[in-house]
Amino acid sequence: MAMKTVPEALNLRSLILQNFEEAVSETNPDKKEALMNFVVVGAGPTGVETAGALSELKNHVLPNDYPELDISKMNIYLIEGEPRVLAPFSTQASAKAKEFLEKMGVKIFLHSRVNAYDGEKITYNDILTIPTKTVIWGAGVKGALIPGLDNAEIVRGGRIKTNEINLIQGFNNIFAIGDLAYMETKDFPHGHPGVAQTAIQQGQQLGVNLINIINNKPTKPFWYFDKGSMATIGRNKAVVDLKFWRFQGIFAWLTWMFIHLLFLVGFRNKLVTLINWIVNYFSYDRGTSVIIRKFNRETMKEADAAV
Ligand SMILES: Cc1cc2nc3c(=O)[nH]c(=O)nc-3n(C[C@H](O)[C@H](O)[C@H](O)COP(=O)(O)OP(=O)(O)OC[C@H]3O[C@@H](n4cnc5c(N)ncnc54)[C@H](O)[C@@H]3O)c2cc1C
């Protein structure tokens with residue numbers, strides 16, 4: 001399953017809890033194993049953070065919630081095609097992230113490409129399999145293209161090729177920005193990173209350029225200001241890559257939290273989140289694990305939603 005929207009995140013939460021509910025009463029050891037095996041595909045920031053979060057659940061939350069289950073039998077696999085985790089980060093950050101994850105019990109398979117998933121087992125590198133009821137896709141998003149862009153050049157991941165002012169090639173009045181846009185520049189010959197900053201900065205630049213076009217003024221090519229990259233792996237463990245400074249561990253983790261707190265809208269939200277984080281940090285718990293909206297694995301929708 002994929003996780004992009006808040007409802008999808010809630011579905012994933014339900015699925016994880018439902019797996020453990022099922023595992024409690026499952027007597028067939030193979031089926032029990034599949035319910036307790038979690039496979040995350042793609043070791044970019046999304047996959048690394050998800051695998052880390054699952055490991056935190058395993059180590060700190062689930063043993064209290066399911067005392068009747070042997071939680072040590074829960075396996076978290078992270079499968080990545082590249083030779084290292086966090087490939088777009090510095091080698092230092094990537095090595096540390098791998099070390100953190102392995103210490104937390106995540107099983108990492110590098111140089112490994114997923115080929116298929118049939119709902120019971122995932123196949124990678126053509127012949128190897130892992131029995132699992134849960135596959136979390138963190139290996140990239142695909143552009144939601146609209147019909148009518150026949151002249152446009154579509155590249156990997158369903159991204160639309162644009163020029164340096166985000167104008168779609170082959171058109172003179174259609175622009176693409178953010179994740180959907182693929183713009184080759186001298187600094188980014190393979191396109192810009194698919195992160196929020198790219199979308200925000202391209203949106204701002206295009207706004208200025210549209211006004212310039214209306215006023216018959218020259219346009220300015222997009223230039224990406226890289227503010228750095230961060231990924232959090234777990235409690236006291238994160239990696240931060242800034243242009244002139246790279247650091248990992250607890251200070252990186254505090255930096256990650258501070259930046260995310262800063263970007264929350266409104267003082268009340270910031271305060272409530274900070275208090276929740278402090279309580280979670282000391283209590284090692286994540287609140288009541290109630291399944292508030294059951295997830296249907298077959299339809300990939302919440303069970304009560306109209307199909
Ligand atoms: C799990 C996950 C974690 C991430 N974490 C980070 C992070 O920590 N930091 C970071 O910088 N980036 C992160 N990203 C990436 C970041 O979310 C994206 O780069 C960013 O949202 C791109 O913005 P966008 O506006 O281009 O696209 P989106 O945010 O995807 O917005 C596109 C919108 O268009 C709508 N849409 C699509 N088709 C149509 C249509 N035909 N008609 C009308 N509307 C349509 C979609 O519903 C969507 O709301 C993460 C992404 C994922 C999936």
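Here the structure is a predicted model, which means the values were calculated and not measured.

Analysis parameters
- Residues numbered from 1 in each chain as written.
- Predicted model: local features only at pLDDT ≥ 70, side-chain atom pairs only at ≥ 80, totals over all residues.
- Heavy atoms only, no water.
- Helix = DSSP H or I, 4+ residues; strand = E, 2+ residues; numbered from the N terminus.
- Contact = heavy atoms within 4.5 Å.
- Domains from an automatic or database assignment.
- Buried < 20%, exposed > 50% of the residue type's maximum accessible area, 1.4 Å probe, protein only.
- Pairing = 2+ DSSP bridges.
- Right-handed = clockwise from strand over helix to strand, strands pointing away.

Take Gln 202: it is sitting in helix α5 (residues 196-214). Setting aside chain neighbours within four positions, we find Gln 202 in contact with Asn 166, Ile 177, Gly 178, Ala 181, Met 183, His 192 and Phe 222.

What follows deals with the domain arrangement of the chain. Entries for the chain in the domain assignment read domain 1 (6-141 + 236-283) and domain 2 (156-214). Between domain 1 and domain 2, the C-alpha centre-to-centre distance is 31 Å.

Across the 5 residues of strand β2 (residues 75-79), 5 count as buried, placing the element largely inside the fold. Every second residue of β2 is oriented toward a common face, with Asn 75, Tyr 77 and Ile 79 on one face and Ile 76 and Leu 78 on the other, all of them buried. As paired elements, strand β1 (residues 37-41) and β2 share 5 bridges and run parallel to each other. Across the sheet, the residue bridging to Phe 38 is Ile 76, located in β2. Tracing the backbone out of β1, into helix α3 (residues 45-65) and back to the parallel element β2 gives a crossover that is right-handed. Of the strand pairs in this sheet, β2 and strand β3 (residues 107-109) are connected by 3 bridges, and their pairing is parallel. Paired with Ile 79 across the two strands is Phe 109, which belongs to β3. Taking the sense of rotation as the criterion, the β-α-β connection linking β2, helix α4 (residues 91-103) and β3 turns out right-handed.

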